[in-house]
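Examining the three-dimensional arrangement
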Amino acid sequence: MTPGTWLRTLVHLTPRQVLYQSIRRLRGPARRPAGATREGLQGIAHPLPPPAPEGTLLANGSVRLLGHPGYDPLVDGWEPDADPLYCYTLHYHGWLSLLPLARARAQVEHWIEHHREGVGWEPYPTAMRVLHWLGWLGVQESHLDATARRVIFGSLAAQLAHLRVHVEHHLGGNHVWTDLAALCSGGLSLAGAATVPLQQLLPAFAEQVEAQLDPDGVHRERTPTYHCLLAEQLAGVVALNPARAHAPASARLEAALERMLAALPAFTHPDGDVALWNDSQLAAPVTPQRLAARLGRALPDGPADAVHAGLFRRQFGPWTLLWNTGGVGLAHQPGHIHADGLALELSLRGERIFVDAGVGTYNPGFARDYARSTRAHNTVTVGEADPDQHELWASHRVGGRARTTDLSHGPDLLEARIHGYRAPAAHRRRLCWDGERLTIADSVEPHVPATARLYVPESCNMLLRDNVWHGRSARGQRFRILTPRGTPWSCCPAHGWTAMNLSLPRRCLAAPVPPGGLRLELLAD
């Protein structure tokens, strides 16, 4: 990292972030609570709908998280030798609602007794654990004896008190959202004097929610998986009837939830799961389909526009096109952004054909760098050596940013132009449907060396014959890609992931973009 990169990153931070970043660097992460137990909570007054579970229970009693082997914290403890994301996820207790009552109680009490300080007390895992505990207690409290209730609610009071003074303002974005969602859920769900200051945070939560949503309802970190998770958290608060504590904030939260739900189709494939924009994952605990079903909604078919977020969906005959025009969104928190401007994903009769790289890790290194890079996506790299559209560094940092302009969107046409950070030229993409063919037209303005890439799953067979790619999907569906005569195509293996530590190898079809542009026509057989 150069001083220039650091400054181009720092300039987007808010003054509040800078202050809290400085405090955190001086004090370190908030891993040591003032006390592991606290008075002020008597029990559940209003049950929180349990959050979607996270983790897979195995026959030996362990839990599999994030694609790792099974782990039993009752045997192996709460401080595994693992990467930070795994350690965080272990402390969410996201599988609690899947366990029999006796084992769930044993795990909760074991955590209380054996993890009195450490990574599990950092604000984000604390917030996630609070939500899962509240959901579990809403169902199981009546089956616990007085001793268990005293211990568990004493710990919960301490966790909420610790979280309240350590809201993650140094990060902002989805972390602050989740922190406040947990605090407000605690204030509305629990009984006792300790709930009063928590309920007073409802206006602050409403303010954060509104600030983090685009006018079209998409969360501004523009990662569909996080959008769904945050919508579930918001729905949990709304289900607790916040109007009894603060009617104006309640109305704002209800309106925001409706906007978030209305935005779901703009990034949803026919299979009911997300496009893998930015740090999204397939089969996450909360998918668009599961979220809609949970709330008694139906996911609409057909076209969808989230213009401010730059996300679009079109139903072109048998094709479902998802398009991402790029952009950072929440300028001060771009940690989940990839350099994927003008990228597309494509389903054919419900089966994914053009697929994004996804994300397999947050750990620094090749896999993280590649997943975020422009060359990993169904778009065009502009310039020698495939430079990224954004100035990406570390695992979650962005310095200089690309600019998207000239957006045009209609029923049968989508078009935009993106100029990468310090790029020698801009990439323009035009997508159109004539009732039979889907055309992808790419040009570079002014012309410089550039490469277009399309990625299909490894299970999709591709054969180039007479300037036509003939494709056969895993389900046996056939399609063709008509290309200009003499285009020098290559086809090679490529990395891809469906979720953390879950690889889905791909094939990369790559070709240079000539001075007159590259025009591809897709036909379904």
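These notes cover the structure that comes with them. Here the structure is a predicted model, which is why all the values come from computation and not from measurement.

1. Digging into the packing of helix α5 (residues 101-114) against helix α7 (residues 146-164)
Taken N-terminus to C-terminus, the directions of α5 and α7 make an angle of 55°; their axes are 11 Å apart at the nearest point. With respect to α7, the axis of α5 lies oblique. Considering the relative orientation of α5 and α7, their crossing is left-handed. Here α5 contributes R105, V108, E109, W111 and I112 to the contact with α7, which in turn contributes A148, V151, I152, S155 and Q159. Of the residues contributing to the contact of α5 with α7, the split by class is 6 nonpolar, 2 polar and 2 charged.

2. What to know about the pattern of salt bridges
When charged atoms on two side chains of opposite charge get close, those side chains can pair. In this structure the tally under the stated criterion is 26 salt bridges. In this structure, the salt-bridge partner of R220 is D214, at a minimum N-O distance of 3.9 Å. By relative accessible area, which is 24% here, R220 ends up partly exposed. Here R294 and E232 are joined by a salt bridge, their closest N and O atoms 3.0 Å apart. Remark: E232 occurs in helix α11 (residues 224-239) and R294 occurs in helix α13 (residues 288-294); sequence separation between them is 62 residues. According to the relative accessible area criterion, R294 is partly exposed, its value standing at 36%. Overall, E232 belongs to the buried group, its relative accessible area being 9%. The network of salt bridges with common partners includes D406, E415, R417, R428, R430 and E445.

3. Some thoughts on the sheet that holds strand β25 (residues 518-524)
A sheet is described by the order of its strands in space; here 8 strands give the open sequence β13-β14-β15-β16-β25-β20-β19-β18, paired in antiparallel fashion. Only two strands of the sheet have a single partner each, and these edge strands are β13 (403-409) and β18 (461-465). In this sheet, adjacent strand axes meet at a mean angle of 15° when their direction is disregarded. Strand direction decides the pairing type here: β13 and strand β14 (residues 413-419), joined by 5 bridges, are antiparallel. The partner of H409 across the bridge, within β14, is L414.

4. Looking at helix α2 (residues 15-27)
Taking 1.5 Å per residue as the helical rise, α2 with its 13 residues ought to reach 18 Å, and the 19 Å between its terminal C-alpha atoms agrees with that figure. One or two steps after α2, the chain reaches G28, where phi turns positive at roughly 85°.

5. Section: the nonpolar core
Residues L156, W177, F205, L234 and L253 are the most contacted members of the largest nonpolar core, which totals 94 residues. The residues contacting F205, other than those within four sequence positions of it, are W177, L180, A181, C184, L234, V237 and L253.

6. Points about the environment of A441
Tracing the chain through its elements places A441 in strand β16 (residues 438-445). Expressed as a C-alpha distance, the spacing of A441 and L518, which sit 77 residues apart in the sequence, is 5.7 Å. Leave out the neighbours within four places in its chain, and A441 touches R428, R429, R430, L518 and R519.

The rules behind these values
- Residues numbered from 1 in each chain as written.
- Predicted model: local features only at pLDDT ≥ 70, side-chain atom pairs only at ≥ 80, totals over all residues.
- Heavy atoms only, no water.
- Axes fitted to C-alpha atoms, helices over the stretch in contact; angles between N-to-C directions.
- Helix = DSSP H or I, 4+ residues; strand = E, 2+ residues; numbered from the N terminus.
- Parallel < 35°, antiparallel > 145°, perpendicular 65-115°, else oblique.
- Left-handed = near helix turned anticlockwise from the far one by under 90°.
- Contact = heavy atoms within 4.5 Å.
- Nonpolar A, V, L, I, M, F, W, Y, C, P; charged D, E, K, R; others polar.
- Salt bridge = Lys/Arg side-chain N within 4 Å of Asp/Glu carboxyl O.
- Buried < 20%, exposed > 50% of the residue type's maximum accessible area, 1.4 Å probe, protein only.
- Pairing = 2+ DSSP bridges.
- Expected span 1.5 Å × (residues − 1).
- Core = buried A, V, L, I, M, F, W, Y, C linked by side-chain atoms within 4.5 Å.

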